[in-house]
Amino acid sequence: MFAGALNKGFRGALPFLIAFFVLGGLFSFFAAKGLENNNYPNLFYNYFAQKVESRFLIVSLNYIFIGLGVFLISLIGIEQEVVEKQNYFPVFIYLIICLSAIQPHQITPQIFTNVFILYSIYKLLDTYRKEEVLNNIFVGAFWLSISAYITVSSIICFPLFFIMLLILRPFNWREWVVALLGFIAPVFIIECISYLSNFNQLYFIKAVQLYFNSLKMPTFSEFYLPMIFFLLLLLIISILSGLVGGFGNTVKKQRTKIILFWFIFLASLGFFSDGANSSRILLTYAFPVSLFIGDFLFSIKQIKITNTLLVLLFLCMVFIFLGQYMVI
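An account of the accompanying structure is given in this report. The residue numbers shown here count from 1 along each chain, following its written sequence. Local features are withheld for residues below a pLDDT of 70 in this predicted model, meaning they are given only at 70 or higher, and side-chain atom pairs are given and counted only at 80 or more; totals for whole chains, interfaces and linings count all residues. With hydrogens and water excluded, all non-hydrogen atoms of the structure serve as input to the side-chain values.

1. Side note on the overall build of the chain
Consideration 1: Helices and strands together make up the secondary structure of the chain, namely 15 helices and 0 strands.
Consideration 2: Expressed as lengths along the three principal axes of its C-alpha atoms, the size of the chain is roughly 60 × 50 × 35 Å.
Consideration 3: Across the 328 residues that make up the chain, the buried fraction comes to 58%.
Consideration 4: Contact criterion: two residues are considered in contact whenever any of their non-hydrogen atoms come within 4.5 Å of each other. Sequence separation of at least 24 residues holds for 82% of the intrachain contacts in the chain that already meet a minimum separation of 6.
Consideration 5: All accessibility values rest on the Shrake-Rupley procedure with a 1.4 Å probe; residue burial counts only the protein chains present in the view. As displayed, the chain offers around 15,200 Å² of accessible surface, 70% of which is attributable to carbon and sulfur atoms.
Consideration 6: The convention is simple: Lys and Arg are positive, Asp and Glu are negative, and His and the chain ends are not counted. We put the charge of a Lys on NZ, of an Arg on CZ, of an Asp on CG and of a Glu on CD. Taking the average location of the 20 positive side-chain charges in the chain and that of its 13 negative ones, the two points are 5 Å from each other. Here a strand is any run of E in DSSP of at least two residues, a helix any run of H or I of at least four, and the numbering for each starts at the N terminus. Using a 1.4 Å probe on the protein chains alone, a residue whose accessible area is under 20% of its type maximum counts as buried, one over 50% counts as exposed, and one in between counts as partly exposed.

2. Brief notes about a nonpolar patch on the surface
Consideration 1: Patch definition: residues above 30% relative accessible area lacking any salt bridge, with like charges linked at up to 9 Å and the nonpolar side chains Val, Leu, Ile, Met, Phe, Trp and Tyr linked at up to 5 Å. Each salt bridge in this description consists of a side-chain nitrogen of Lys or Arg and a carboxyl oxygen of Asp or Glu lying within 4 Å of one another. Taken together, the side chains of Leu14, Ile18, Val22, Leu23, Leu26, Phe27, Phe29, Phe30 and Phe56 present a nonpolar region at the surface, about 860 Å² in accessible area.
Consideration 2: Looking at which element gives the most residues to the nonpolar patch, the answer is helix H2 (residues 9-30), with 8 residues.
Consideration 3: Position of Leu23 relative to the elements: it lies in helix H2.
Consideration 4: On the accessibility criterion, Leu23 (47% relative accessible area) is partly exposed.

3. Quick word on the packing of aromatic side chains
Consideration 1: Two rings from Phe, Tyr or Trp (for Trp, the six-membered ring) form a pair when their centres are within 6.5 Å of each other. A pair whose planes differ by under 30 degrees is stacked, one over 60 is edge-to-face, and the rest are tilted. Counting across every chain of the model gives 20 aromatic pairs.
Consideration 2: With a centroid separation of 5.2 Å and an interplanar angle of 90 degrees, the aromatic rings of Phe20 and Phe92 are classed as edge-to-face. In this pair, Phe20 sits in helix H2 while Phe92 sits in helix H5 (residues 89-101), placing the two residues 72 residues apart along the sequence. Each member of the pair Phe20 and Phe92 is classed as buried.
Consideration 3: On the numbers, 5.5 Å between centres and 40 degrees between planes, the contact of Phe27 with Phe321 is tilted. With Phe27 in helix H2 and Phe321 in helix H15 (residues 303-324), this pair connects stretches of sequence that are 294 residues apart.

4. Here's the deal with the pattern of salt bridges
Consideration 1: Under the criterion given, the structure shown has 4 salt bridges.
Consideration 2: Note that Lys253 is salt-bridged to Glu84, the shortest N-O span being 2.7 Å. Of this pair, Lys253 sits in helix H12 (residues 251-268) while Glu84 sits in the loop between helix H4 (55-79) and H5; the two residues are 169 residues apart in sequence, bridging distant segments of the chain.
Consideration 3: One salt bridge in this structure joins Asp295 and Lys257, with 3.1 Å as the shortest N-O distance. Of the two residues, Asp295 is situated in helix H14 (residues 286-299) and Lys257 in helix H12; the sequence distance between them amounts to 38 residues.
Consideration 4: Judged by its relative accessible area of 22%, Asp295 falls in the partly exposed class.

5. Quick notes on the packing of helix H8 (residues 158-168) against helix H9 (residues 173-197)
Consideration 1: Here the axes come from fitting lines to C-alpha atoms, over the contacting stretch only for helices, and the angles between their N-to-C directions go from 0 to 180 degrees. Where H8 contacts H9, the two axes come as close as 11 Å, and the packing angle between them is 160 degrees. Judged by the angle between their axes, H8 and H9 are roughly antiparallel. Two packed elements cross with a definite hand, and for H8 against H9 that hand is right-handed. Taken together, the residues of H9 that come into contact with H8 (itself represented by Phe158, Phe161, Phe162, Leu165 and Leu166) are Trp176, Ala179, Leu180 and Phe183.
Consideration 2: Only Asp, Glu, Lys and Arg are considered charged in this grouping, and only Ala, Val, Leu, Ile, Met, Phe, Trp, Tyr, Cys and Pro are considered nonpolar; every other residue, Gly among them, is considered polar. Here the contact of H8 with H9 is composed, by residue class, of 9 nonpolar, no polar and no charged. Angle categories: roughly parallel below 35 degrees, roughly antiparallel above 145, roughly perpendicular from 65 to 115, and oblique for all the rest. Helix crossings are classified by the rotation of the near helix relative to the far one: an anticlockwise turn of less than a right angle makes the crossing left-handed, while a clockwise turn makes it right-handed.

6. Notes on the nonpolar core
Consideration 1: Ranked by internal contacts, the top residues of the largest apolar core, which has 113 residues, are Leu6, Ile66, Phe92, Phe161, Met227, Phe287 and Leu297.
Consideration 2: The leading source of residues in this core is H4, at 12 residues.
Consideration 3: Not counting residues within four places of it along the chain, the set of residues in contact with Leu297 comprises Phe89, Ile93, Thr306, Leu309 and Leu310. Take the buried residues of types Ala, Val, Leu, Ile, Met, Phe, Trp, Tyr and Cys, join any two whose side-chain atoms come within 4.5 Å, and each joined set is a nonpolar core.

7. Looking at H4
Side chains three or four residues apart in an α-helix point the same way, a direct result of the helix having 3.6 residues per turn.
Consideration 1: The span one expects for a helix is its residue count, reduced by one, times 1.5 Å. With 25 residues, H4 ought to run about 36 Å at 1.5 Å a step, and its terminal C-alpha atoms sit 35 Å apart, in line with that.
Consideration 2: Positive backbone phi, approximately 55 degrees, marks Glu81, located one or two places after H4.

8. Looking at H5
Consideration 1: Taking 1.5 Å per residue as the helical rise, H5 with its 13 residues ought to reach 18 Å, and the 18 Å between its terminal C-alpha atoms agrees with that figure.
Consideration 2: Burial within H5 is extensive, with 13 of its 13 residues counted as buried.

9. Some remarks on the packing of H12 against H14
Consideration 1: Taken N-terminus to C-terminus, the directions of H12 and H14 make an angle of 135 degrees; their axes are 9 Å apart at the nearest point. By the angle class used here, H12 and H14 are oblique. In this structure, H12 meets H14 at a crossing whose hand is left-handed. Residue-level inspection shows Lys257, Leu260, Phe261, Phe263 and Ile264 of H12 in contact with H14, the latter providing Phe287, Pro288, Leu291, Phe292 and Asp295.
Consideration 2: For the contact of H12 with H14, the class distribution of residues is 8 nonpolar, no polar and 2 charged.

Structure (structure tokens):
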């Protein structure tokens, strides 16, 4: 059923992914309520999200960026040879997490942030064993810096950028200088605009201070708990399976798995940030979780076992939608 479509490459997976994407959009549009609120203060909400009231526009923007994220996951997984070419399980896992975690009545900023983070990671992975890479490094750093103006929590990925450089490439001071320029450029441009308009100066510094000065326990909705625990269980099993059987048959796959471990560790530092809740935590971990679990599901030889796990994940998503429709 599910597994048979997702392990047959692009042609087999595409109709299946499109069907889930369209159905998710329809369910979100007609949902009665959101289960959680995105309430962390940032530029995204202060100057854009709160002014968008049209339900159609909110759902459209959310799903446009879900689609972009799904596309980038497929590029990272397939084009960068992080997983096998026939393996579209990571794409499906990422899609399911996003469909479950967005709030139908609000623009979800983490969906937007994930696109910039994934694009930055894609540009860095594309530098592996290449010579002329300064443009890729600058572009990756630039868009990762921009993401901090959407959700400041993406600063946890700033050190990941340089860790990736160390893992993927031999040290080259020019590359590190270009990366620093890429991070500084958006801040400089926005600060210049703020200075000329005499409005919201030093936003980045103030936002980072607020981020680290307002740590508290995250909030959890009971509707998200089944999916969180199920994904956590699958993630642990996937990592243990990788430790036993190896994390890939190429050096690039193995190095990418090390990067994913660093991503999970650094993302955990933002676990107690103000505004963290079930949906935001799911979206923050969506990238490493989808690749680890997707690789594990592809490695399972018994299709019935894979289908059973996917059905359980699907039921977790249905439980969330039932909460949005106030059925339970």
